[in-house]
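# Fold and geometry: a report
Here's the letter readout for the chains.
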Amino acid sequence: MDRMKGIQMPLGNSVLLLKYRRLNKPLFSLVSLFFVGLYGLELFSQSRLAHAQEKSDKAVKSKPLSNQELVFFETKIRPVLANNCYACHSKQAGKSEGGLQLDTREGVLSGGDTGTLFVPGNVEKSLLLKRIGATNPDLQMPPKGHGKKLSAAVLKDFSLWIRIGAPDPRTNKKAGKGSSAGGESKSKSGKPETGEADSGQSGDDGAKIASARTKESEDAEAYRSVLDSDWWSYKPLVRAEAPQAGVSDADASSGTWGLTAIDRYVEAGYRVKGISPVSDAGPGVLLRRLHYDLTGLPPSLQDLESFLERWDSVESRQVLIEEVVDRLMKTEAFAVHWARHWLDVARYAESTGREVNIPYNHAWRYRDWVIDAFRTNKPYDRFLVEQIAGDLLDESDVKQRAKNMVATGFLAIGSRNINENNPNLFATDQADEQIDTVFQATMGMTMACARCHDHKFEPITQKQYTAVAGIFLSTETWFGAEGGNNSRNFAAPLELPNECGFETLPVAWSDEEIEKKRADAKKFRSEFEELQKELQANRKDAKAGGELDRSRQQELNRLNIKVNELEYQLATLTDENRAKVLAMGVTEKPYKAAEPEGNKGKKREQRAIANKRRPVFTMIADSPFFARGDVEMALESVPRGVPNLFGNANDFKVPQDASGRLQLATWIVSKENPVTSRVAVNRVWAWMIGQGIVDSVDNFGTTGSEPTHPELLDHLAMELIDSGWDLRAVIRKIATSRVYQLSSTEPNPQAVVQDPENKYCWRAKSRRLQAEEIRDSMLVISDRLDETPVLATIMARKGERNRVDTSPGKRKGKGEPLPEDRCRSIYLPLPRGEAPEVLELFDLPDGMMVQGVRESTNVPSQALYLLNNQTVAGIANSIAQNALEQFPGRSADNFEKRVVWIYQKILSRKPTGDELKMVDQLLKQSESSEAGWVSLVRGLLATAEFRYLD
Amino acid sequence: MPLCNQRMNLLTRRSILQQTACGFGWLAFSALSASKGLASPIVQSRGDGGSSSGSFPAKAKRVIFLYMRGGPSHVDTFDYKPELEKADGQGGPRSGSKWMKSPWEFRQRGESGLWISELFPELSQVADDLAIVNSMQTDVPAHAQATVRLHTGTSQFVRPSVGSWVLYGLGAESESIPGFISIGPSGSAQNYGNAFLPANYQGMRLGNGNREVDETQISNLAPLVGSERQRRELDFIQNLNQKKLQTDPADQEIEGVIHSYEMAFRMQSELPKVMNIKSETEEMQSLYGLDRKETRTFGSKLLLARRMAEAGVRFIEISQGSWDHHGNIQTALASKCEAIDLPLRGLITDLKQRGMLDETLIVWSGEFGRTPYAQGRDGRDHNHKAFSLWMAGGGVKAGLQYGRSGDFGVEATENAIPIVDFHATLLALLGLDHEQLTYPYAGRDFRLTDTKGRVVTDLIA
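Since the model is a prediction, treat every value here as computed from it, not as a measurement.

## Section: the overall build of chain A
A tally of regular secondary structure across chain A gives 39 helices and ten strands. Each of the 950 residues in chain A was classed as buried or not, and the buried ones make up 49%.

## Quick look at the overall build of chain B
Check the secondary structure of chain B and you find eleven helices and 15 strands. In chain B, buried positions account for 65% of the 461 residues. In chain B, the proportion of contacts linking residues at least 24 apart, taken out of those at least 6 apart, comes to 75%.

## Comments concerning unusual backbone geometry
Most peptide bonds are trans, and most residues other than glycine sit at a negative phi. With omega at -10°, the peptide bond leading from A:M141 into A:P142 counts as cis. Of note in this structure, B:A195 is not a glycine but carries a positive phi near 45°. Tracing the backbone through its elements, the reader meets B:A195 in the loop between strand 5 (180-183) and strand 6 (204-206).

## Observations concerning the confidence of the model for chain B
Residues and elements named next belong to chain B. On average, residues of chain B score 84 in pLDDT, and 85% of them are at 70 or above. Considering each helix and strand of chain B separately, the mean pLDDT is smallest for helix 2 (residues 42-46), with a value of 28, and largest for strand 8 (residues 360-366), with 98. The low-confidence segment residues 1-55 (pLDDT under 50) makes 146 contacts with residues lying over four places distant or belonging to another chain. Note on the complex model: pTM 0.74, ipTM 0.73.

## Overview of helix 38 (residues 929-942) of chain A
Under the 1.5 Å per step criterion, the end-to-end length of helix 38 of chain A is 20 Å for 14 residues, consistent within 8% with the ideal 20 Å. Listing the buried residues of helix 38 of chain A in full gives A:G932, A:W933, A:V934, A:S935, A:L936, A:V937, A:R938, A:G939, A:L940, A:L941 and A:A942.

## Some remarks on the nonpolar core
By size, the foremost hydrophobic cluster in this structure holds 322 residues, and its most contacted members are A:A339, A:M584, A:V937, A:L941, B:I316 and B:W390. No other element matches helix 7 (residues 252-275) of chain B, which puts eleven residues into this core. Ranked by size, the runner-up nonpolar core spans 19 residues in total, among them A:L100, A:F158, A:L160 and A:A166.

## Things to note about the environment of A:T461
Residues and elements named next belong to chain A. Position of T461 among the secondary structure elements: in the loop between helix 20 (423-443) and helix 21 (462-473). Since 25 C-beta atoms lie within 10 Å of it, T461 is described here as buried. Sequence separation of T461 and C449 is twelve residues, and the distance between their C-alpha atoms is 9.5 Å.

## Details of the environment of A:A467
Residues and elements named next belong to chain A. Within the element layout of this structure, A467 appears in helix 21. Note on A467: 28 C-beta atoms within 10 Å, which makes it buried. Between the C-alpha atom of A467 and that of E576, which follows or precedes it by 109 residues, the distance is 44 Å. If near-sequence neighbours (up to four positions away) are discounted, A467 is found in contact with V638, P639, R640 and G641.

## Quick notes on the confidence of the model for chain A
Confidence in the prediction for chain A averages 81 pLDDT; 80% of positions are at 70 or higher. With pLDDT under 50 throughout, residues 172-220 of chain A is counted as low confidence; its partners more than four residues away or in other chains account for 76 contacts.

## With respect to the pairing of strand 4 (residues 130-137) of chain B
When a strand is regular, its side chains alternate between the sheet's two faces. All names here are of chain B. Counting buried positions along strand 4 yields eight of eight residues, so the element is predominantly enclosed. Two elements, strand 4 and strand 11 (residues 387-393), share five bridges in a ladder whose sense is antiparallel. In the strand pairing of strand 11, A131 is matched with M391. Alignment of strand 4 against strand 12 (residues 400-402), held across three bridges, turns out to be parallel. Counted as the bridge partner of A131 is L400 from strand 12.

## Comments concerning helix 7 of chain B
All names here are of chain B. End to end, helix 7 covers just 29 Å across 24 residues, shorter than the expected 34 Å (1.5 Å per residue, more than 12% under). Most pronounced at M267, the bend in helix 7 amounts to some 55°. Most of helix 7 sits out of view: 18 of its 24 residues are buried.

## Some thoughts on the packing of helix 37 (residues 913-925) of chain A against helix 6 (residues 227-247) of chain B
Where helix 37 of chain A meets helix 6 of chain B, the axes come as close as 10 Å, and the angle between the chain directions of the two elements is 175°. It follows that helix 37 of chain A is roughly antiparallel to helix 6 of chain B by the angle criterion. Mapping the contact onto sequence places A:M918, A:L922 and A:Q925 in helix 37 of chain A and B:R232, B:F236 and B:N239 in helix 6 of chain B. Class assignment for the residues of the contact of helix 37 of chain A with helix 6 of chain B results in three nonpolar, two polar and one charged.

## Things to note about the environment of B:F408
All names here are of chain B. Structurally, F408 can be placed in the loop between strand 12 and strand 13 (417-418). In sequence terms F408 and S300 are 108 residues apart; their C-alpha atoms lie 36 Å from each other. Excluding residues within four positions of it along the chain, F408 makes contact with K81, E83, L84, W99 and P372.

Cut-offs applied
- Residues numbered from 1 in each chain as written.
- Chains lettered and ligands numbered in written order.
- Predicted model: local features only at pLDDT ≥ 70, side-chain atom pairs only at ≥ 80, totals over all residues.
- Helix = DSSP H or I, 4+ residues; strand = E, 2+ residues; numbered from the N terminus.
- Buried ≥ 20, exposed ≤ 12 C-beta atoms within 10 Å, placed from the backbone.
- Contact = placed C-beta atoms within 7 Å.
- pLDDT = per-residue confidence, 0-100.
- Expected span 1.5 Å × (residues − 1).
- Core = buried A, V, L, I, M, F, W, Y, C linked by C-beta atoms within 7 Å.
- Pairing = 2+ DSSP bridges.
- Bend = angle between axes of the 7 residues up to and from the residue.
- Axes fitted to C-alpha atoms, helices over the stretch in contact; angles between N-to-C directions.
- Parallel < 35°, antiparallel > 145°, perpendicular 65-115°, else oblique.
- Nonpolar A, V, L, I, M, F, W, Y, C, P; charged D, E, K, R; others polar.

Put into structure tokens, the structure is as follows:
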């Protein structure tokens, strides 16, 4: 490999292994999973240890447990006791062998006939540890034949538990029944589930699972209802007075730094950390930042000039900034840019994705609805309710009603495995995808994790999940796509009344073509049916010993595809060959009052679910509890309802004849729900500031991050609600705050040490422009951008094929924008996995799930795009031409004017003296003047400065 | 099939930029300059432990990491469970579960007698080159977390991927092709991300999970203008980038842009050559199964991997999707295995012929395994407590079947290897001491293995 010669190999294989030494440190690997900080437990155990040893009896007293302690007990201790000890040592089992009961705290602490089990905090002389760690069969617990010896890891857990003072949330009541709060306990009290669940399923596996399940669930619910009150994001919003002003305590009296209430909260953070912020960004940088953050586009030359001019002369710069912000927020560009943010959250895309990628030709109506919502500043609570239950809102105006229906496209645009051949699995998968999206988008909750088991990290049981699943299984989803193989899972689009007056795409075919299609469809349909019959007969024959003719199956498939495509196309037309108004969205499934069928009916339903061919989710009905999430293991139904996280579930009871979407939607924005508003303002903060107050914007659960500025988060959430859910007002507040205006490049050695990740916002965060911003900016700078909204997308317009075309050649003009496409990127076609190159290269989300924060990679393929792509070259060429036309001739004066013009257009600043020299050199070396100017423009577009927003 | 597969992306939202844009922690590294990003602090830490008792002679110079996304079933492939066969249909460990034996027959292969199922007839021919580990363990039975953990050592924090660490430790072998390439990844960019390591250690993504790899995967490779003019433009760009970097010398993103241009420039001539697998002889192509529909996709990726290895890529990852067999395992697993079996044998044979096997470490692994009890009638659920992986070449002890996952494959019982130990071992095979390979960030020295890690010496020849 001579290629290697002369190449840096600073380390090569020369960094040899030095020494390998066994680590003696205790491993907390599993435990650490549950904590945000890796050392959390270790630290907390040490402090607890000191405490415990000091006054060991105090730790025994009932006192509220910390979240960490609780999680530790519930995940590490209780399951072990329950599974290995309760059988002989619990009230529950009615046994207390050796005088010992382990299912209450008191029982554990008082010990048994042989003595106390342990003194909390003291590991040394613990009888409990001795017995569960014993190898002598006479002493060993659990005894031989009553279970396996407990593992070393479990021993370690117990030892740690005792060391930290044996935190134990259990009360004197029976384990698992006690402290559950709210609606769940109500349903329980009506019917003691353990035991009764067995009836009607006697003896089979289902019964065993059912009872095991119920017990597990109850245990989990009991602890989770405690847990949820303890985790910060589920606690009520706190209206606290804004902290005092001042970056430091010394500065507190003058308090001149902050401009807005937001700043006072940020200042409080500085004081806690002992850091001070950097100075403000320059006016040019600030204006560029405002324009991109609010509109996704750079400021025009005129904007820049007038801003700089006024910056120096204006009486109050703050007023000037407010003016700019207000002006920008009224633009179409603002609506488009912020709609795109929400589309990331809504996992917007235009095809099924997964194994068979079928286009959604009507997804764009939802896209336009989102843009319109930002255009009209739709109140955020209403914004959410319409997306989840727009079809259920009272509305007499036909047009408005149609709009509300379009909003529910939110639930329909997800990815789906259209080839799934079990219709019931397809339905539950779809409901799961909807639940996942709704809860993550609105409340940062990973609800869908509870599909197959109780949530491991959130206060959500599988039963609660099932209650919500019933809501979505009672909902008809009109995703409007041809089916997969053998037209599996074909779904019609949502048909809107013609009177709504929405614009439609022109019909792509002439009347003659349509007539031919109608005739063909009929012909192929009858051929298909005939062949199907023949093949069925043939299969019967084959079973009886005849020969199976496989060759004709292919023919059948081919016919099927043809029929599908034609019928799908024809379904978009009225009888008069006009285009129907179609969209994606949801409606209620039909309702039929339940007949008193009793267990027989239930059994039938279960059998039906097990039968893959027959769809069972055809009506408004509760969802069965699926053991381990397995659609073929349906147990008793769980009444539809919202999870009782805030004690108000009873106010949102689902009527028998409704799916419950309206109840779910209004619960999400209910005043008792503190999470929705927090998640909303945190998303806005992250989009403006570059990092959320809660870093994990889509996950407010226990595996997510905790807020750096909890009071600020609650302040903003409260302001959002008080303003009538005015999202624009929140954006405005952030855009006009001092913290938003900070420099992003000024060094701050002291703050770096205190807060290396800049969580406390001691300077602004520079960010890579989003994919759309990069493309749209290039179009704006070359005076080519056409901001006119585009009807549908190029793909929907040309969408005759029934599959998303993936061959690169054929994608030109379909998926891939042509150089002459000048619309804003939001209007480009976005089939899953096949998005336009420029967007994909710069980290467009893949639309598979909620994504509130974009990734930002930095790879050579991006460099190659800017250097070698034809479209970029065309743009560079056009900008250079414009510059030459603006300032013609060869005079030195015009040379400089041209350079300044280009710099300001692309980077929103003037070139430095050094840079003028560099440009001069670049042009002199170029083969022609024109080539030189193109090189300059391409060069600037390719710089890091263009791509990064300071 | 549950949508847990989709949740592969659960962690993508923690953007790498977010984590690193302000990564001033590496102040020690501020002397870093343009394309000399390889000068690295590890040199400093090297001084500490010069005495090398117990060090291993490093053989491997590069890694080909074959990542089987979704969690292949170990008890149907590389972990023989005769007890499971006997218990088929009886009650399993979870309430209501039932053991499900493997529908495929296992046999001892090669002179070393490794147990491999009939799903891998071709790979079995080179069984004596494999080291099969049956006692792998990870923490969570969820795709997203387990995948990121396999790739970075933790799913809680944003940390550099193994490939980035390896490249950082070994240095680039070539200036004209990235030292870390991930073919067809899907899911979080963290899996090939550099986190706080300098941006030139980020993996380059080639294609996505959905598409086949050929030259079209990297578009814009052909220069638009003559090389002289392009160099001129590039110099101009880089000058401006340098100036930008000077305003904030610790800005890794700018540093990353600078590096990406130099690499891009050189890739234009080098990458098309490497990607041109059609230049291989017909015989070679059929060795990798390119002449068969079933094996063409994976085979061409493996052949490409070999060509990249020759070209000096340090860490080549190939992702192969859809091993998440909650249902329909009988058909689906068989066809997945068929797609990779012959190409795998081809790769090992080819590397051996070229004398490259000793210096190339091949790893085949999923993010976790599957349950030996059934899910539904014809599927298996996630199992993080036991799974199997195998390695070949690169100084591993060939012909070894290591560790046990009990009688049924539920949980690793003997010589359990957590991911962190696997990482330590992988680095050791490359001659890198996982305790010495550190990078200063946010006030402390970070390692791939953090505070843990044990080199499994039994696996090293």
